[in-house]
Amino acid sequence: MTHYPKGWILRNLTSEEGLLRVNNKHHDNGQEYLPFTDRVPSPCAQDSNVSEDERIECFMAGDSRSSEVISLTAMHTLWLREHNRLARALKTINSHWSAETVYQEARKIVGALHQIITLRDYIPKIIGPDAFNQYIGLYKGYDPTVNPTVSNIFATAAFRFGHATIQPIVRRLNAQYLDDPELPHLQLHEVFFSPWRLIKEGGLDPLIRGLLAHPAKLQVQGQLMNEELTDKLFVLSNNGSLDLASLNLQRGRDHGLPGYNDWREFCGLPELETQTDLNTIIANQKITEKIMELYHNPSNIDVWLGGLVEDFLPGARTGPLFACLIGKQMKALRDGDRFWWENDNVFTEAQKNELKKHSLSRVICDNTGISDVPVDAFQLGKFPQDFKHCSNIDGMNLEAWQEIFQEGKVIFTRIVSQTCGIPHKFLSSNEQLNS
Ligand code: HEM
């Protein structure tokens, strides 16, 4: 697997037309599902009301965790559909393209969309505008001296802040964004490795509506993680129930992560020596008391816990330490990536202008039966006032990927100017294709 955010979740599933393989047994109102794993019977949970021959196996995707929870499966499925939608559209406008070219070009666009959605739409809301400017800032081009490897501290502590943002309840909503009596709320543990609930209980749409119209769990210092995750977590490598908080702490120790204060120093933040110091960054005194009782000295605090429990920065969902660690990682992933979507000669200017128009909401509109979405899928709003019909959600125009033939040969890639529209500027396709 690669470190870069490029949609690698979709790898290794190609068919002959440059499409990703799909499920040939089940459809979601005519739309595609991920294929099932070849290893049957798979360990995924089954509907207890049906017989063995109606088994729904675990899905197969580029990431073995795609069936962990059905909301994650829904996102994998959405991107599978987006790849195939793009591949079909690209083939329509470039009928001379081989399956390999179609696959690579669709994959390249999906990779760019992942980068845009992550860095433009998601990360600023997590670390806040100030930390975004401080640690990430504007793109200035590829820097070959930057190592973009995902760091131990990022994967084992900082980005696991997400575990405190998970709702214990999974909601499925109807087209009016209301609770659907036929699809009652589920406890999170009821959707661990349960792909049957996606296929037999309404498909993607109700689940994605639930994600769009309900907030992530607000992380509060008195209750960082919900009990569905600390008492009832199920993973395939273990038969019993697990505790994700313990896993995170133990994983940090397994990986030899330095302690909380060391990482604060790494980020240029003041070291904390006493409970009074701790209270300058953790408002809740009961929590700092408890932490001191357990760890005796702030330097002993496990970095995942210390980072997680800090007061949020303004406009952020993390405190200063995780904002720094996530910000630095995101900058390295961007600046150290030769194929970053904004880097020179990766996409044409016209293609970049089109890519910028796209969003997660547009991907949802294009690949589900959902007709109303918020303009920004990461910004919580109320239905209907904060939602727009899909016909009003901007998206990219794939004409910027159309190759023009002259005398039977591909000579030009059309560059559509975003600002003035016409006249079109033409460049040699050799200069433009980077597949
Ligand atoms: C219901 C939702 C989720 C479940 C059940 C879940 C579960 C897990 C589990 C079991 C692990 C492996 C723990 C270990 O053995 O060390 C893990 C790792 C991880 N999780 Fe989650 N997770 C969820 C959501 C999230 C979210 C929302 C984020 C971030 C926004 C996140 C970030 C991570 C990261 C960065 C790792 C480490 C991955 C690696 O190093 O390969 N998780 N998660």
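Everything quoted here is computed from the prediction, not taken from an experiment.

> Can you help me understand the site of the ligand in this one?
Every one of the 16 residues lining the ligand counts as a neighbour, but Ala 155, Arg 160, His 163, Ile 166 and Arg 251 are closest to it. Note that a nitrogen atom of the ligand is positioned 2.9 Å from one of the side-chain N or O atoms of His 163. Here an oxygen atom of the ligand sits 2.6 Å away from a polar atom, N or O, in the side chain of Arg 251. Considered class by class, the residues forming the shell around the ligand number ten nonpolar, two polar and four charged.

> When you look at the domain arrangement of the protein in this model, what are you seeing that I'm missing?
As a measure of interface size, the accessible area lost when the parts come together is often cited. On domain assignment, one finds that the protein holds domain 1 (6–217 + 335–434) and domain 2 (227–311). Taking only C-alpha atoms into account, the centre of domain 1 sits 32 Å from that of domain 2. Contacts between the two partners involve 18 residues from domain 1 and, on the opposite side, 19 residues from domain 2. Between domain 1 and domain 2, a total of about 1,700 Å² is buried, with carbon and sulfur atoms accounting for 69% of that surface. Taken together, the connections running from domain 1 to domain 2 amount to zero salt bridges. Our count for the domain 1 to domain 2 interface comes out at seven residue pairs in polar contact (both at pLDDT 80 or more).

> Help me understand the state of the cysteines in this model?
Working definition: the covalent bond between the sulfur atoms of two cysteines is a disulfide. A full pass over the atoms with the stated rule returns three disulfides. Each disulfide pairs two cysteine sulfurs, and for Cys 44 the partner residue is Cys 58, the sulfurs being separated by 2.1 Å. Residues Cys 44 and Cys 58 are joined by a disulfide whose S-S torsion is about 110°; by sign, that bridge is right-handed. One end of the pair, Cys 44, is in the segment before helix 1 (70–93); the other, Cys 58, is in the segment before helix 1, and 14 residues separate them in sequence. Note on accessibility: Cys 44 and Cys 58 belong to one class, buried. Here Cys 365 engages in a disulfide with Cys 390; their sulfurs sit 2.0 Å apart. Disulfide Cys 365-Cys 390: torsion about the S-S bond near -80°, hence left-handed. Residue Cys 365 is found in helix 14 (residues 360–367), and its partner Cys 390 is found in the loop between strand 4 (387–389) and strand 5 (403–406); the two are separated by 25 residues along the sequence. Pair check on accessibility: Cys 365 and Cys 390 agree, each one buried. Cysteines bonded in the protein are numbered consecutively along the chain; their disulfide partners then correspond to 1-2, 3-4, 5-6.

> Help me understand the environment of Asp 243, please; the structure alone is not making it clear to me.
In this fold, Asp 243 is placed in the loop between helix 6 (227–231) and helix 7 (244–254). For Asp 243, the residues in contact, after removing those within four places along its chain, are Leu 229 and Thr 230. Engagement of the side chain of Asp 243 in a polar contact is seen with the backbone nitrogen of Ala 245, the distance being 2.9 Å. In terms of polar contacts, Asp 243 uses its side chain to reach the side chain of Ser 246, at 2.6 Å.

> Explain helix 14 to me, please; I cannot follow it from the model alone.
With seven of eight residues buried, helix 14 lies mostly within the body of the structure. Turning to helix 14, its buried residues are Leu 360, Ser 361, Arg 362, Val 363, Ile 364, Cys 365 and Asn 367.

> Before we go on, may I ask you to explain the UniProt feature "binding site: heme b" (unreviewed entry) in the protein in this structure?
As recorded in UniProt, the sites labelled "binding site: heme b" (unreviewed entry) are His 163. Structurally, His 163 can be placed in the loop between helix 3 (152–156) and strand 1 (169–170). Not counting the four nearest positions on each side in its chain, His 163 is found in contact with Met 225, Leu 229, Leu 244 and Asn 248.

> Even after reading the chapter, I still don't get the packing of aromatic side chains, so can you show me in this structure?
The relation between two aromatic rings is expressed through the spacing of the ring centres and the mutual angle of the planes. Inspection of every chain in the model, using the stated rule, returns twelve aromatic pairs. Pairing Tyr 122 with Phe 378 gives two aromatic rings, centres 5.4 Å apart and planes at 45°, and the pair type is tilted. Of this pair, Tyr 122 sits in helix 2 (residues 99–136) while Phe 378 sits in the loop between strand 3 (372–374) and strand 4, and the two are 256 residues apart along the sequence. The exposure class assigned to Phe 378 is partly exposed, which follows from its relative accessible area of 31%. Every member of this aromatic cluster is reached through a ring pair, and the members are Tyr 33, Phe 36 and Phe 59. Residue placement shows Lys 108 over the ring face of Phe 347; its charged tip is 4.6 Å from the ring centre.

> How should I be thinking about helix 7 in this particular structure?
Each full turn of the α-helix corresponds to 3.6 residues, which orients residues three or four apart in the same direction. Taken together, the buried positions of helix 7 are occupied by Leu 244, Ala 245, Asn 248 and Gly 252. The buried residues of helix 7 occupy an angular sector of 115° when projected down its axis, which confines them to one face. Elements that come into contact with the buried residues of helix 7 comprise helix 3, helix 6 and helix 11 (303–309). In this structure Asp 243 caps helix 7, since a side-chain oxygen of it lies 2.9 Å from the backbone nitrogen of Ala 245. Gly 256 lies just past helix 7 and shows a positive phi near 65°.

Parameters and conventions
Residues numbered from 1 in each chain as written. Predicted model: local features only at pLDDT ≥ 70, side-chain atom pairs only at ≥ 80, totals over all residues. Heavy atoms only, no water. Near = heavy atom within 4 Å. Polar contact = N/O pair within 3.5 Å; in protein donor to acceptor, adjacent residues only side chain to side chain. Nonpolar A, V, L, I, M, F, W, Y, C, P; charged D, E, K, R; others polar. Domains from an automatic or database assignment. Contact = heavy atoms within 4.5 Å. Buried area = accessible area lost by both parts, 1.4 Å probe. Salt bridge = Lys/Arg side-chain N within 4 Å of Asp/Glu carboxyl O. Disulfide = S-S within 2.5 Å. Helix = DSSP H or I, 4+ residues; strand = E, 2+ residues; numbered from the N terminus. Buried < 20%, exposed > 50% of the residue type's maximum accessible area, 1.4 Å probe, protein only. UniProt positions renumbered as here; feature names shortened; annotations may be inferred. Phe/Tyr/Trp six-rings, centres within 6.5 Å; stacked < 30°, edge-to-face > 60°. Lys NZ or Arg CZ within 6 Å of the ring centre and 35° of its normal. Arc of directions from axis to C-beta.

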